[in-house]
Amino acid sequence: MSPSKNRALLVGVSTYEDKQPPRGVPGDLPAVEHNLTMLRRALLRGGVFDEDSITVCRSPSQDEFNDALHTVAAEADGLLLLYFAGHGATPSSGDRLFLQMRNARVIAGGHTVFHGAVKYDDVQTVLLSSPAERIVVVLDCCYAGNAGLAWEHEYRDKRRVLLLMSVQANHRIDAGDAATPTPFTAELVQLLEKPGKLSFRWLSGELRERMAGRQTMRREPWVPQSRAEPGQDALLSEWPEETAAVKQPIVSPPPSRPSALLQRLRRRAAVLGTLVLTVTAFALGSYGLYALVGSSPGCAPPLELRLLTDPDLEPTVTAAADAYLTSEENTDGDGCRVSGITVYSARSADVVTALREESEAWQEPRAEETNPQRDVGPQADIWIPGSPADVARAEHDRDTNTKARLEAEGRPFAYSPIVLAVPTDVPAAAQRTGRSLTALLDALRGRADDAEVRRTDPEFADSALLATIGLYADADGALDVEKQLDQPRPPADTAAGLLCELPRNDTVDDRTAVLVPEFLLKTGVRCDSARRSPRLAEYPDDVPGLEPTFVRVRWEDGDGDLAARDAAVADFRAWLTDGPGQDAFAQAGFRAAAGPRPLLDGSGPAFGVLPAPGPLQESAGLNEMETALKDYRAAHGPGRVLFLLDGSGSMASLWDGPSGGPGLLKQSLGGLGGQDEYGVRMVADTPDGDTYETLLPLTTHARGDAVKKVDQAEVRPGADSDPHAALLAALDEMADRGADDRPQLIVYITDSGDHDRMTGGKLDEVLTRAESADVPVAMVSLRSGACAAGKPDARISAASGGRCLDADDDIGKGLSAEVERTGLGEDQ
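Notes on the structure in this doc start here. (Residues numbered from 1 in each chain as written. Predicted model: local features only at pLDDT ≥ 70, side-chain atom pairs only at ≥ 80, totals over all residues. Heavy atoms only, no water.)

In terms of helices and strands, the protein chain carries 28 helices and 26 strands. Put simply, the protein chain has 828 residues, and 58% of those count as buried. Summed over its atoms, the accessible surface of the protein chain is roughly 31700 Å², and 48% of this surface lies on carbon and sulfur atoms. (Helix = DSSP H or I, 4+ residues; strand = E, 2+ residues; numbered from the N terminus. Buried < 20%, exposed > 50% of the residue type's maximum accessible area, 1.4 Å probe, protein only. Areas by Shrake-Rupley, 256 points an atom, 1.4 Å probe, with all protein chains shown as cover.)

Close contact between helix H5 (residues 183-192) and helix H6 (residues 200-211) brings their axes to 10 Å; oriented N to C, the two are set at 130°. Our classification of the angle between H5 and H6 gives oblique. H5 and H6 meet at a crossing whose hand is right-handed. Only Trp-202, Leu-203, Glu-206, Leu-207, Arg-210 and Met-211 of H6 make contact with H5, whose side of the interface consists of Pro-183, Phe-184, Glu-187, Leu-188, Gln-190, Leu-191 and Leu-192. For the contact of H5 with H6, the residue count by class is nine nonpolar, one polar and three charged. (Axes fitted to C-alpha atoms, helices over the stretch in contact; angles between N-to-C directions. Parallel < 35°, antiparallel > 145°, perpendicular 65-115°, else oblique. Left-handed = near helix turned anticlockwise from the far one by under 90°. Contact = heavy atoms within 4.5 Å. Nonpolar A, V, L, I, M, F, W, Y, C, P; charged D, E, K, R; others polar.)

Below, the discussion takes up the pattern of salt bridges. For the structure on display, the rule yields 48 salt bridges. Among the salt bridges present, the one from Glu-407 reaches Arg-405, with a minimum N-O distance of 3.3 Å. What emerges from the salt-bridge pattern is a single network uniting Arg-347, Asp-350, Glu-459, Arg-633 and Glu-820. (Salt bridge = Lys/Arg side-chain N within 4 Å of Asp/Glu carboxyl O.)

The next subject is unusual backbone geometry. Backbone geometry at Tyr-143 places phi at a positive 65°, although glycine is not the residue there. In this fold, Tyr-143 is placed in the loop between strand S7 (134-140) and helix H4 (147-153). The backbone of Asn-170 shows a phi angle near 65°, a positive value even though the residue is not glycine. Asn-170 sits in the partly exposed class, given a relative accessible area of 37%.

Right, let's talk about the sheet that holds strand S22 (residues 677-683) for a bit. Taken together, six strands build an open sheet; the order of strands is S23-S22-S21-S24-S25-S26 and the sheet is mixed. This sheet does not close on itself; its edge strands, each paired only once, are strand S23 (692-699) and strand S26 (804-805). The sheet contact formed by strand S21 (residues 640-646) and S22 spans seven bridges and is parallel. Among the inter-strand pairings, Val-641 is bridged to a residue of S22, identified as Tyr-678. Against the sheet, helix H23 (residues 661-668) makes contact with S21, S22 and strand S24 (744-750), and its axis sits at roughly 170° relative to S21, the strand it touches most. Against the sheet, helix H27 (residues 792-800) engages S24, strand S25 (777-781) and S26, with an angle of about 160° to S25. (Pairing = 2+ DSSP bridges.)

Spatially, S17-S18-S16-S19 is the arrangement adopted by the four strands of the open sheet, whose pairing is mixed. On the outer flanks of this sheet lie strand S17 (452-455) and strand S19 (535-538), each paired with one strand and no other. With strand direction ignored, the average angle separating the axes of adjacent strands in the sheet is 30°. Where helix H14 (residues 437-447) meets the sheet, it contacts strand S16 (418-423), S17, strand S18 (512-517) and S19, and its direction lies at approximately 5° from that of S16.

The subject of this paragraph is the state of the cysteines. The final tally for this structure, using the stated rule, is one disulfide. Disulfide pairing places Cys-787 opposite Cys-804 at an S-S distance of 2.0 Å. Looking down the S-S bond of the Cys-787 and Cys-804 bridge, the torsion is -90°, so its handedness is left-handed. Of this pair, Cys-787 sits in the loop between S25 and H27 while Cys-804 sits in strand S26, and the two are 17 residues apart along the sequence. The class of Cys-787 is buried, set by a relative accessible area of 7%. Cysteine Cys-141 is unpaired, with the sulfur of Cys-142 as its nearest cysteine sulfur at 7.1 Å. (Disulfide = S-S within 2.5 Å.)

Turning our attention to H6. Along its 12 residues, H6 runs 16 Å from first to last C-alpha, staying within 8% of the 16 Å computed at 1.5 Å per residue. Along H6, the positions that sit buried rather than exposed are Phe-200, Arg-201, Trp-202, Leu-203, Ser-204, Gly-205, Glu-206, Leu-207, Arg-208 and Met-211. Gly-213 lies just past H6 and shows a positive phi near 100°. (Expected span 1.5 Å × (residues − 1).)

The values reported here are purely geometric and, on their own, carry no functional implication.
Below, the structure is given as structure tokens:
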């Protein structure tokens, strides 16, 4: 049997082609050049890699990096090591990490596009395609910790991947002196050059200890991060000299004063060392994971709590968790931190559905089309929804085989009314309180004929669903209300996103009133809030407010560390709901949860906010929210979706798995129900001269039968596709069926590989037809950059009023959201 082949790919981007603001990267990184030289030397001395097994890529372009990554991944069947140093970036609308290559530049707009950059999620997908027994990834860049999300959300053989990140999520770091390696890699190299057997876990702990005392660009502690499944490790260096036993990893935690029981558990863990960490974590199964983050020698690993929240609440909850990280209440008598908290959000409708109907699939995913771990996130210890009614919704008619149990606090711990935020350029209202939302809207349109009104997606965040309760309260029908809203394309996901996407070049921002949580008028938005039109809040008296509620989530068979986890959750709950954690909500502009609901911040209200707007609407009820959501989904009646699935030969490497073309299509079928019509066409030239083959006719289907049919589809090696002909045929088909005025959508899933057959007059013909057909087209490209300004995918989706998604986006979630807006999404 031949020995295993170890492979290492060392990537360092020290020079960049575009450094001019606002599109360019911040500048060159000369220190990175030293990183590659010194790290290669250290790896050679370590004996795990030889000259032939190390590939060094110096300032590669995006294509050069991708070619090298695929080559090395295919060759390794032992240990596969990927190292990256250079600029890292995250989009303003999300938290995923992009590795910027030599030709990187940024275009910000409706969504941020990173040309010449590679999404870490895609890198991890390529690595997992490798036959390697162990995969180690080391990232030395700004925002490196954001790669942890991709690792946590991965469920396919994650045990093989060990991830080391130079800094915690959402932090920038200094590259240091141009004449020396970067600070993190300098320490990494010194450790690798020590004699003895050096493992990933030991190295991770030592790096955290060595980086202690340094600060990130936010002047906060610089704490390298790591991710590894319990019991998994990898040998990275084995000097021939006789060595002492490998040190135990020194690991730290992230923020409430622990109970006496928890302190005893931690001291005992410190004595027993890694054995306790491994055995205890293994007992949790797929549920609990410990943070591999370090504080001081002798500290046992902290518990990592997973906190799931509403998308509009995520920035405030994250600020609170960050404050808790370093608080006195989260440090025990030995100076050790007690717990860390990972904050993430997901569509509120998905969260409620997952907790009510899919907890078993959440704990152990078995199918591509139903996978809450992918669509929502990790199993949560804590859930903070936007309304206590969400808890009632999640518990109403629950699956009898539920794996999750919810324990909600008796009352919310903060409050923010939903307001109609009207630009100051619009004539002021004589009465800003004491009227229904319908009355406020009628008065607004009476004062300004050109005033527009917009609301976010009621399925995505609670604030929009609460606003919808008021919108439908006095209406004859939901459809009439939806037609009166000025939504030129699908609604924004979050309130901050809504304000960010209002264009200023035609004064839309200056005349558009928005339904948003009041706190946003103080907190602002991340898209240069100083340039947004100032707004005055009007307070409808029939719209329930946003009321964050603390919910403990318990999972069946997830009690391997029950006492310690309960103590950690209880400590954080007390700090957040009744203690210093209220400061984060005060600074964000929230109100007290009870009584007359004064502003928590004693410094006074923000511009446009009334200090005491009078009686505010009580909490939303289960029936109110469920009815409003049902009416919203049914406002336009059953939908009609025509899927175009590129089946040409170039799709072969993008076909299999949940992120392949058929996998993405099947995931999106969850938004379609028994009354919705949908069809699937396989777009690829056939031997008979046709440009597509019908897999599913455009009619109603049982979802199980549709999934089986899509599973049978196979890519056609050597075949090309004709996107020009396929799109024209689809647009004609949908336009011919459009007489009944039901919602319609065309989805084209492709790698954009044959778009060179759709140029010049052919592209113009498609654009003209897309503009006149009145059917939105969602262009879904499995390649990066396809939605960049001027590209065919972007132009087609814009001309039709649809959405463009490419590999720089979270395609699965984006596509599912588009389909759900079109269909009823009823159970089948």
